[in-house]
Amino acid sequence: MSEVSKKFPLPLSSVMGHAQKGRQSAFRQQIADTALRPDKERIRPGLLPSKTAGHLGVLASSSKAAQKGGDLIRGAVAMAEKIASQGITDKMVLSALSTVPRHFFVAQGFSQQAYADTALPIGHQQTISRPYIVARMIEAVRRDVGSRKLSKVLEIGTGCGYQAAVLSRVADEVYSIERIKALYELARSNLRRLRIPNLRLQYGDGMLGLPQAAPFEAIVVAAAGLKIPDALFSQLSIGGYMIAPVGDEKQTLQLTKRTGERQWQSMMLEDCYFVPLRQGVV
Ligand code: SAH
């Protein structure tokens, strides 16, 4: 067994106080995060109400850019405001959400729902993640960085490329890995229009991480495994954070900080529902 698995994961009780336990249940999610559950979940039709940036000063400048782009971009501003009202406070994250055109990343048939806070299908039995969970995960790995950008970030599970685009606005350098060739190509084509110079896509098995670009200040895993692959722990820089959904039917977001050469500390955040992390490439 590796050092990682000896020390990890810590029992929940050792890292969470009573207050956090309460918060965990308060955050219990009713909406699928990346995976759709057609029997239980309904995709809400239409755009969120469109309004100019209101009480959130942070969104004011992005709303100007949004006005240029028409209704759907105003949808992004409204979406970011709604996510702020759900407890996300990181201004850089909210600003990124309000400026990335999510409608570039959903299939044409779903463009009316591009700014609804819901996961949507992207083909190959995969989904674009729910915007709230994208914000929650990125805010969590940015918890110690204050108002600066993260340095180097790794995303596992590019899918259609939306979260990678959001990450590219809160980090200096982003690497994102996808195991399904057709989705890697889809993300490439979706992202081409945005011309993002600090984002690199990789076709491969993200369970192996990306050793040639490691270490990463943050790792965001967008698919759920029963355990987090050891390779990812060792590719995190000391002081850096990794967030990953863990579990099968019942999943929880696990936030891990690398505290030393051979030490990691973890805490469990809210319940979530992601598509499975799978080995190998197709
Ligand atoms: N990040 C996406 C969400 C994609 S859903 C967004 O922006 O909305 C999760 C993705 O993880 C799927 O595309 C799936 O193919 C991919 N995935 C699952 N296991 C993987 C692995 N081992 N390596 C890389 N990608 C993986």
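Residues numbered from 1 in each chain as written. Predicted model: local features only at pLDDT ≥ 70, side-chain atom pairs only at ≥ 80, totals over all residues. Heavy atoms only, no water.

How would you explain helix α9 (residues 181–192) if you had to name every residue and give the values?
For α9, with twelve residues, the first-to-last C-alpha span of 16 Å sits near the 16 Å given by 1.5 Å per residue. Close packing links the buried residues of α9 with β1 (120–123), β2 (126–128), α8 (162–168), β4 (171–178) and β5 (199–203). (Helix = DSSP H or I, 4+ residues; strand = E, 2+ residues; numbered from the N terminus. Expected span 1.5 Å × (residues − 1). Contact = heavy atoms within 4.5 Å.)

Hey, could you go over the sheet that holds strand β6 (residues 216–221) for me, with residue numbers and the actual values?
Read from one edge of the open sheet, seven strands run β5-β4-β3-β6-β7-β8-β9, paired in mixed fashion. Edge strands, defined here as strands with exactly one partner in the open sheet, are β5 and β9 (263–272). The mean angle between the axes of side-by-side strands here comes to 15°, regardless of whether they run parallel or antiparallel. Taken together, the seven bridges between strand β7 (residues 236–247) and strand β8 (residues 251–260) define a ladder with antiparallel strand orientation. Bridge pairing in β8 places G247 opposite Q251. (Pairing = 2+ DSSP bridges. Axes fitted to C-alpha atoms, helices over the stretch in contact; angles between N-to-C directions.)

Break down the environment of Y132 for me, citing the residues and quoting the values.
Tracing the backbone through its elements, the reader meets Y132 in helix α7 (residues 131–141). With a relative accessible area of 1%, Y132 lands in the buried category. Spatially, the C-alpha atoms of Y132 and I83 are 5.8 Å apart, while their sequence positions differ by 49 residues. (Buried < 20%, exposed > 50% of the residue type's maximum accessible area, 1.4 Å probe, protein only.)

How would you sum up the packing of aromatic side chains? Please name residues and give values.
What the rule picks out here adds up to four aromatic pairs. Ring centres 6.0 Å apart and planes at 70° place the aromatic pair Y175 and F216 in the edge-to-face group. Here F216 lies in strand β6 and Y175 lies in strand β4, a separation of 41 residues in the sequence. In this structure Y175 comes out as buried when scored by relative accessible area, which is 11%. Of the residues examined, F216 reaches a relative accessible area of 0% and is grouped as buried. Summarising the aromatic geometry, the rings of F233 and W264 are spaced 6.1 Å apart at their centres and angled 80° between planes, so their arrangement reads as edge-to-face. You can see F233 sitting in helix α10 (residues 230–234) and its partner W264 sitting in strand β9, a full 31 residues away along the chain. The exposure class assigned to F233 is buried, which follows from its relative accessible area of 1%. (Phe/Tyr/Trp six-rings, centres within 6.5 Å; stacked < 30°, edge-to-face > 60°.)

Provide a residue-level description of the pairing of β6, including the pertinent values.
Among the six residues that make up β6, six are buried, leaving the element largely enclosed by the rest of the structure. The pairing of strand β3 (residues 150–156) with β6 spans four bridges and is parallel. When the bridges of β6 are listed, E155 appears paired with V220. With four bridges connecting them, β6 and β7 associate as parallel partners. Paired with I219 across the two strands is M242, which belongs to β7.

Hey, could you go over the site of the ligand for me, with residue numbers and the actual values?
Taken together, 26 residues surround the ligand, and among them S129, Q163, E178, G206 and R278 come closest. Between an oxygen atom of the ligand and a main-chain N or O atom of S129, the distance comes to 2.6 Å. Side-chain polar atom of E155 to a nitrogen atom of the ligand: 2.9 Å apart, as the coordinates give it. In isolation the ligand offers 580 Å² of accessible surface; the protein chains occlude 100% of this area. Its atoms largely coinciding with the cavity grid, the ligand occupies the largest cavity. Among the secondary structure elements, those contributing two or more residues to the shell around the ligand are β2, β3, α8 and β4. Of all the elements, β2 adds the most residues to the shell around the ligand, at three residues. (Near = heavy atom within 4 Å. Polar contact = N/O pair within 3.5 Å; in protein donor to acceptor, adjacent residues only side chain to side chain. Areas by Shrake-Rupley, 256 points an atom, 1.4 Å probe, with all protein chains shown as cover. 1 Å grid on protein atoms, 1.4 Å probe; cavity = no way out; pocket = protein on both sides within 12 Å on 5 of 7 lines; lining within 4 Å. Sits in = over half its atoms within 2 Å of the grid points.)

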